[in-house]
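# Architecture at a glance
Next come the chains, spelled out residue by residue.
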Amino acid sequence: MLSLRALIFASLTLAAQASSAQEWVFAVNEGVTYQDGSPIAERYKPLVDLLEKELKHPVKVQAVDRYSNFEAGLDAERYDLVFIHPAHIGLRAVKSGKYVGLASAKDYTDYRARVFVKKDSAVKTIADLRDKKIGVPSLESITTVMFTANLTELGFRDPASRFSATRFQDAVPFMVENGFVEAGVTASGTVIKDWVAKGGRVVGETKPVPIKQFLVSRKLSTEQRDKVQNLLLKLSETEAGKTALKGINMKGFVPWDNAVMTEATKRLSL
């Protein structure tokens, strides 16, 4: 027979397992360029605390860095709450019907990829890049996805065959400066500002796509989804909300715009 101590231990273990199983998974991907290096679980704790209080349900934040893993997790519906930088992956999840878009980060609704060249480059417009080598961020980056869609609209055949990719956007200027590529692509305002300050030129930009999206699983009830959306939209109105926004380096959220997101989904051929 089990001793009293063993029975107590077994009961506590089962209780802990049950509690863990009930947690909703809050999956986060902040992209590559915009990470600050500190632990996500620590920075997102104030927001998680507010979500748990509002939903009256335990929430566990989970960082998912690899885009392919995030997409697979969304497809398998492993996540309940989602904050995702790569907009194309979020838009696919919403299009699938498995997730609902609630909000986008306030300062990232006009996200564009910009194309830059050396001062003396013969390239004057994006259309002039046909048959030219182009430096881009990672091929799975939303920046590169947006730019690829732009070239496809211009009638470029297999545009990715001309790309030279690098993981970090701020490494693209190096490729242009040293003649490895004719033009570079970035969505980083800092990169573009520095490039122009040094005498370089910007020859075009893509249409905008809102990034940094907040999604929820359709497994959550309509009431629960509404609670999450209302919480997000009002974060900047309370001290606790401001603390949560500071932790995740955001200024606030705006409502999901179905018309804008549907157009972006179609334009990006998702």
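For the structure itself, look to the data block above.
Values in this document were obtained by computation on a predicted structure and should not be read as measured data. (Residues numbered from 1 in each chain as written. Predicted model: local features only at pLDDT ≥ 70, side-chain atom pairs only at ≥ 80, totals over all residues. Heavy atoms only, no water.)

Positive phi, normally seen in glycine, also occurs at Asp131, with a value near 70°. Tracing the sequence through the fold places Asp131 in the loop between strand S5 (114-117) and strand S6 (134-137). Despite not being glycine, Ser269 shows a phi value in the positive range, around 55°. In this fold, Ser269 is placed in the segment after helix H11 (258-267). Residue classification places Ser269 among the exposed residues on the basis of a relative accessible area of 63%. (Helix = DSSP H or I, 4+ residues; strand = E, 2+ residues; numbered from the N terminus. Buried < 20%, exposed > 50% of the residue type's maximum accessible area, 1.4 Å probe, protein only.)

Turning to the packing of helix H3 (residues 45-55) against helix H9 (residues 222-233), a few remarks are in order. Across the interface, H3 lies against H9 with an axial gap of 10 Å and an inter-helix angle of 140°. The angle between H3 and H9 falls in the class oblique. Where H3 crosses over H9, the two elements pack in a sense that is right-handed. Taken together, the residues of H9 that come into contact with H3 (itself represented by Leu50, Leu51, Glu54 and Leu55) are Gln224, Lys227, Val228 and Leu231. (Axes fitted to C-alpha atoms, helices over the stretch in contact; angles between N-to-C directions. Parallel < 35°, antiparallel > 145°, perpendicular 65-115°, else oblique. Left-handed = near helix turned anticlockwise from the far one by under 90°. Contact = heavy atoms within 4.5 Å.)

The subject of this paragraph is the sheet that holds S6. Overall, mixed pairing links the 5 strands, which are arranged S7-S6-S8-S5-S9 in an open sheet. Both edges of this open sheet fall to strand S7 (163-166) and strand S9 (201-205), since each of them pairs with a single strand only. The sheet shows a mean angle of 30° between the axes of neighbouring strands, direction not considered. Contacting S5, strand S8 (183-186) and S9, helix H8 (residues 189-197) crosses the sheet at an angle of about 25° to S5. (Pairing = 2+ DSSP bridges.)

Scanning the entire structure with this criterion turns up 10 aromatic pairs. With centroids separated by 5.9 Å and ring planes inclined at 75°, the aromatic side chains of Phe26 and Tyr44 adopt a geometry described as edge-to-face. Taken as a pair, Phe26 in strand S1 (residues 24-29) and Tyr44 in the loop between helix H2 (40-43) and H3 lie far apart in primary sequence, 18 residues in all. Under the relative-accessibility criterion, Phe26 is labelled buried at 0%. Under the relative-accessibility criterion, Tyr44 is labelled buried at 0%. Within the aromatic cluster, the residues linked to one another by ring pairs are Phe26, Tyr44, Phe83, Phe214 and Phe253. Positioned over the ring face of Phe156 is Arg130, at 4.3 Å from the centre of the ring. Looking at Lys212, its charged tip hangs above the ring of Tyr108, at a distance of 5.3 Å from the centre. (Phe/Tyr/Trp six-rings, centres within 6.5 Å; stacked < 30°, edge-to-face > 60°. Lys NZ or Arg CZ within 6 Å of the ring centre and 35° of its normal.)

Working definition: two side chains of opposite charge can pair if their charged atoms are close together. Overall, the coordinates contain 11 salt bridges when judged by the stated rule. Residue Glu30 pairs with Arg43 through a salt bridge whose shortest N-O separation is 2.6 Å. Of this pair, Glu30 sits in the loop between S1 and H2 while Arg43 sits in helix H2, and the two are 13 residues apart along the sequence. The same class applies to Glu30 as to Arg43, namely buried. (Salt bridge = Lys/Arg side-chain N within 4 Å of Asp/Glu carboxyl O.)

Attention shifts here to the side chain of Thr186. Its location among the elements puts Thr186 in strand S8. From its side chain, Thr186 meets the backbone nitrogen of Ser188 in a polar contact 3.0 Å long. Setting aside residues no more than four positions away along its own chain, Thr186 makes contact with Arg112, Ala113, Arg114, Phe116, Thr143, Gln169, Val191 and Ile192. (Polar contact = N/O pair within 3.5 Å; in protein donor to acceptor, adjacent residues only side chain to side chain.)

Once that is clear, we can look at the pairing of strand S3 (residues 81-84). Burial of the side chains of S3 extends over both faces: Leu81 and Phe83 are buried on one face and Val82 and Ile84 on the other. Sheet analysis places S3 next to strand S10 (residues 213-217), joined by 4 bridges and oriented antiparallel. Within S10, the residue paired with Ile84 across the bridge is Gln213.

When you line up the elements, Phe83 lands in strand S3. Exposure remark for Phe83: the relative accessible area of 3% places this residue in the buried category. A sequence separation of 58 residues divides Phe83 from Ser141, and the C-alpha atoms of the two residues are 16 Å apart. Non-local contacts of Phe83, meaning those with residues more than four positions away in its chain, are made with Phe26, Ala27, Val28, Asn29, Tyr44, Phe70, Lys212, Gln213, Phe214, Met250 and Phe253.

For the pair helix H4 (residues 67-75) and helix H5 (residues 87-95), interaxial distance at closest approach is 10 Å and the crossing angle is 10°. Relative to H5, the element H4 is oriented roughly parallel. Taken together, the residues of H5 that come into contact with H4 (itself represented by Tyr67, Glu71 and Leu74) are Ile89, Arg92 and Ala93. Split into classes, the residues belonging to the contact of H4 with H5 amount to 4 nonpolar, no polar and 2 charged. (Nonpolar A, V, L, I, M, F, W, Y, C, P; charged D, E, K, R; others polar.)

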